Amino acid sequence: MPLKAHDKSDIYFSACTPNCWMNCRLYAHVRDGRLVETSPAPFPDPTYNRVCLRGLTHPERVYSSERVTTPLKRAGKRGENRWERISWDEAFDIVAENLSRIRDTYGSAAVGFAPLSGNYGLINGALAGGINRFANQFMGTQVAEAIDMAIPTGISQVTCSNLGASAGMFMGHQPDDMRNAHTLIVWGANLTESQPHNWHFIADCLDRGGQLTVIDPRLSDIARRAGEWVRVRPGSDPALLLSMIQVILADDLLDHEYVATFTVAPLLVREDDGKFLRESDIRPGGSTDEYVVLDEADGQLKGLSSAAKPALWVAESVEGVAVKSALSLLREEAEAYRPEEAVAMTLVPPDQVRRVARAYALGRPSFIYSGFGVDRWDNGDLVGRGLATIAVLTGNIGKPGAGIGVMGGSALGMAFAPGVLDAWVCPTGTVAQKLNYLQFYDAAGKGKILQYVPRDPGDAAAGGGAPELKEVPYVLKALVVGCSNLLSNMPDQNRLIAEVFSEQALEFIVVHDEFLTDTVRYADVFLPSSSWFEHEDVVGGLHPFLMKTEKAIEPIGESKSDFDLYKGLAERLGMGEPWQRPVGEWIEEVVRNMGRAVGDEEGVWRQFSEHGIARLLPEGTRAFADNVFYTPTGRAEFYSETVPVNDPVVSPRLRLPVGDKVKSLPYFAPPHEAWPGNPLYEKYPLVFLTLHSRWRVHSQFYNVPALREIDSEPYVELNDREIAKRKLKSGDMVRVFNDRGEMVVRLRENNANPDGMATFSKGWQRHQLVSGGYQELTDSHINRVHFNCSFFDTLVEVGKVKSDTAFRNKREREAVPAIVAGKGA
Amino acid sequence: MAKRWGMIIDLNRCIGCQTCAVACKIKNDLADDVWWNRVITVGGETVDAVGGDVEHPWVYYVPLACQHCQDPPCEKVCPSGATYHRDDGVVLIDYDLCIGCRACSEACPYGARVFKRSREHTYVAFRLGEGDVVPRQQGINEKCTFCVERIDEGLTPFCVEVCPGRARYFGDLNDPQSTVGAIMAAGDAEQLQAELQTEPSVFFIQPRKTKGRPTGSELIREGMVAAPLE
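The structure displayed is predicted, hence computed values, not measured ones.

Criteria and thresholds
Residues numbered from 1 in each chain as written. Chains lettered and ligands numbered in written order. Predicted model: local features only at pLDDT ≥ 70, side-chain atom pairs only at ≥ 80, totals over all residues. Buried ≥ 20, exposed ≤ 12 C-beta atoms within 10 Å, placed from the backbone. Helix = DSSP H or I, 4+ residues; strand = E, 2+ residues; numbered from the N terminus. Pairing = 2+ DSSP bridges. Contact = placed C-beta atoms within 7 Å. Nonpolar A, V, L, I, M, F, W, Y, C, P; charged D, E, K, R; others polar. Axes fitted to C-alpha atoms, helices over the stretch in contact; angles between N-to-C directions. Domains from an automatic or database assignment.

1. Digging into the pairing of strand β20 (residues 468-473) of chain A
Residue and element names in this part refer to chain A. Within β20, only zero of the six residues are buried, leaving the element largely exposed. Two strands pair when backbone bridges link them, and strand β19 (residues 448-453) and β20 are joined in this way by six bridges, in the antiparallel orientation. Residue pairing for β20: Y452 is matched across the bridge by L469.

So this is what it looks like as structure tokens:
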């Protein structure tokens, strides 16, 4: 039922649900059955009232002339954009026939389901929506988790590794807590562009006298607001963190009580095997669970629980046992990164490192907003590890205004929590096999992947040395893509097209979407999805509220909601039974499940059904407020015996023992590609960052007319010195290239960029470029700790467009499907 | 004292996100390429590009729309009497009287007036927004109305409601109890090109000064922003 605000239009509850993760509550204004406006709807706590430029343009998306609203069947080669218009009946028949055939031939796991992040609606989205539910029921393969995982893997290492390698993502504070900070560090995030909704909390912090430090190689918009802008060399962030750790330890800026009580600082580490010293090591019959420290009160080694004053600094043998305290070991590791030494790597002046470290340690409460700029690197997990380490060393965690990250206490985080939505998303009790997105390239392309195989198949967490990295067969023959434009958002586009989207690799591809995206072009069958305003749903966001979204308008053309789409498909496959209850009942089920997870099922459901919005978690919810860390020692582990791995197949249980590739302490490893030591640097001297801008959310909103009037064409940016060096001019058409691929775009001068950096605002589709695509340039190598895409760890060169450059995208220029057969051909 | 509607924009809070510009465009059902509210990048040559050199880059943003001057030069030059201002300070155009001569575009020191060249927007086939905004015919001049339909209903202009940075304040400048009145009393807000004595009702809290960086007013004087739109 519409809410009548006044008599001009009908107003419905709605929300904007893409992967900026802000998920703003909206009103959908409907006149004569048409969506004419979206406006910000109030939150119960008005501090969360917000919208952004993208969230206001929905009418232009919903009624876009580029919207594809009928099912299509491929009528040319994959990628050729030649289609036949078909009925839903025929489409369901083709999809059902192919999925059954492939299941019967290769097994159900040979059918892959690849949601990304195009919608966070819990019924129709990519997190626990129709595609996930169908995949679980089908027992297919669900492709998952290869973006935003590096930083969380590193943070988890220190604070919550027992919950899984990526748990650190949602173990943070609510964003309004940034107001309470005195020192605020924004590390590798241009949030005024990518998450502008969080900016006003920072603006409030600054108005109250807070101090902002931004660590970014570019003068991003947020950087220019900083009192201290640290222009770090791209990819050197773990070294800068070690440099800060060195200052914190050498100048004794520690929070002594915190470090002694809640971290592994006083725990003694055996020099022979790097393990923590246990009571059983020093006393026959001693406990294997009791860690040993040196008690300063009497100079004796004893169990942690019985020590009066555990010593923090122990750097020599005690009672004949060769040990050092974890804190002393950290100091030794960090010693090589004295600011005067590290400047050669980080380019950050030593004075500035000292200033920033001192301000962070002493200007408490201090808060870190760690962004996903630093996540897009092969060494991204080491940044997360360093960030969590400086937080626990200075006690800046779990307190008002002191923490890491603003994704905690959120409705979205609750929806991610394992098991919460099982009643809805696992209707038959079966689950899909998870496969990392980067592993998926190998599975589809080569039929085999490199996989950690635990020594004890029954218990991945069991000891007994390193799990073996073995080549195992993995057959994937069909792909179902929904809420995802993976060809535009995953790295190494040419490899994806050639190896994964080839007919030799994937026999059948079905994609549902609203537009002719890069990915849709490679579908065998296209199914039209309804927009967020054409079906009902429930959604959370990076705020504590669960929101109702109503069906404000009828589906455009023949579009279907994901629920109806997968229901139809399930019925064709004789699997329709779990899909017969009406959507409204499932929404109630989801809301009640979320309510139960926070211990207030009835209250949450009542708020939701009466007001269309329910608060899940109270204001001030902060991870680690109780100083309980979810690690093997129960303490914050800047030193660890094992390292958790973010592979969805084995996480959270698999841990790697310390060895060549993984270390006990925070450390620096150079980026995989974009680092001066790499010989490729001679040929490709520019680090290439594909930035999140305010103009799109990943690739969504790529074709919204109002946005394209301001941001009208793609461009690569260099500073004036790099432009002059190449004898180019701002405004020239240029070729951006490396060994993997190229793109031809306009060049624009922007002195925000340091020397040696090219930037591109991501999300443009191939047909919007003269030639090539930005994801042709990025690399798909796998880091086998965090299994995250290292988009920014990429080198390119920019040069003149050669006269013989084939303008390859000419064939792809159409923005809408070319119908060559069927109705309307 | 008579009511005087006014707006204050805190340029320290403005992040140039263009939410206000897009909100205005949809709410007022603006035609292709027509923007009543533009966010000017003060710095480099293009949207979001910085100024200065690589060692000392700088940038900020100035949202620019009709300044609702109390002595509006556009009104003085209007040959048809279409432009007028109300007692509460809102400058409006009677679209039935406008002959599209664009003398006001020449007279406006802020480049706020836009000629409606195209008939409608081509993206959707119906009017966007609540439908309460007065439609404009092709070939006339138009501009920001302070969302007159909304403020007459007791709401704020839409750009104020949507601003993610909470950078905009709206109210009665003559009321010392209002937020805008309090900011005015604190003396932090300035008009753009105050020396022209057109008495704008839009005020700006200038960005915290960085050495060598010109202010919005200085740049407008130098013709670096607010170039006529045509």
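Once you've had a look at it, read on.
2. Some points on the interface of chain B and chain A
Much of the literature gives interface size as the accessible area that the parts lose upon coming together. In this assembly, 37 residues from chain B lie in contact with 42 residues from chain A. Listing elements by their share of the side of chain B that touches chain A, those giving two or more residues are α1 (19-27), β4 (57-58) and α5 (158-162) of chain B. The residue makeup of the side of chain B that touches chain A, split by class, is 18 nonpolar, nine polar and 10 charged.

3. What to know about the sheet that holds strand β5 (residues 72-74) of chain A
All names here are of chain A. Judged by pairing direction, the sheet is mixed, and its nine strands sit side by side in the order β18-β8-β7-β21-β22-β23-β5-β6-β36 without closing on themselves. Because the sheet does not close on itself, it has two edges, and the strands there are β18 (433-436) and β36 (818-822). On average, each strand axis in the sheet is tilted by 25 degrees relative to the strand beside it, whichever way the strands run. Pairing of strand β8 (residues 141-144) with β18, which is carried by four bridges, proceeds in the parallel orientation. Looking at the pairing, A144 lines up with N436 of β18. Relative to the sheet, helix α2 (residues 88-106) contacts β5, β7 (111-115), β21 (478-482), β22 (508-513) and β23 (525-528), its axis offset from that of β23 by approximately 125 degrees. Each of β7, β8 and β18 touches helix α16 (residues 437-446); the most contacted strand, β18, lies at about 95 degrees to it.

4. Focus on the domain arrangement of chain A
All names here are of chain A. Partitioning chain A into domains gives domain 1 (72-140 + 432-580), domain 2 (151-409 + 630-657) and domain 3 (680-812). At the junction of the two partners, domain 1 supplies 19 residues and domain 3 supplies 20 residues. Every element with two or more residues in the side of domain 1 that touches domain 3 is listed here: α16, α17 (486-489) and α18 (493-500). Here the residues of the side of domain 1 that touches domain 3 sort into six nonpolar, 10 polar and three charged.

5. Section: the environment of S287 of chain A
All names here are of chain A. Tracing the backbone shows S287 in the loop between α9 (279-282) and β13 (292-295). Among the residues examined, S287 registers 13 C-beta atoms within 10 Å and is labelled partly exposed. Setting aside residues up to four positions removed in sequence, S287 forms contacts with R278, E279 and S280.

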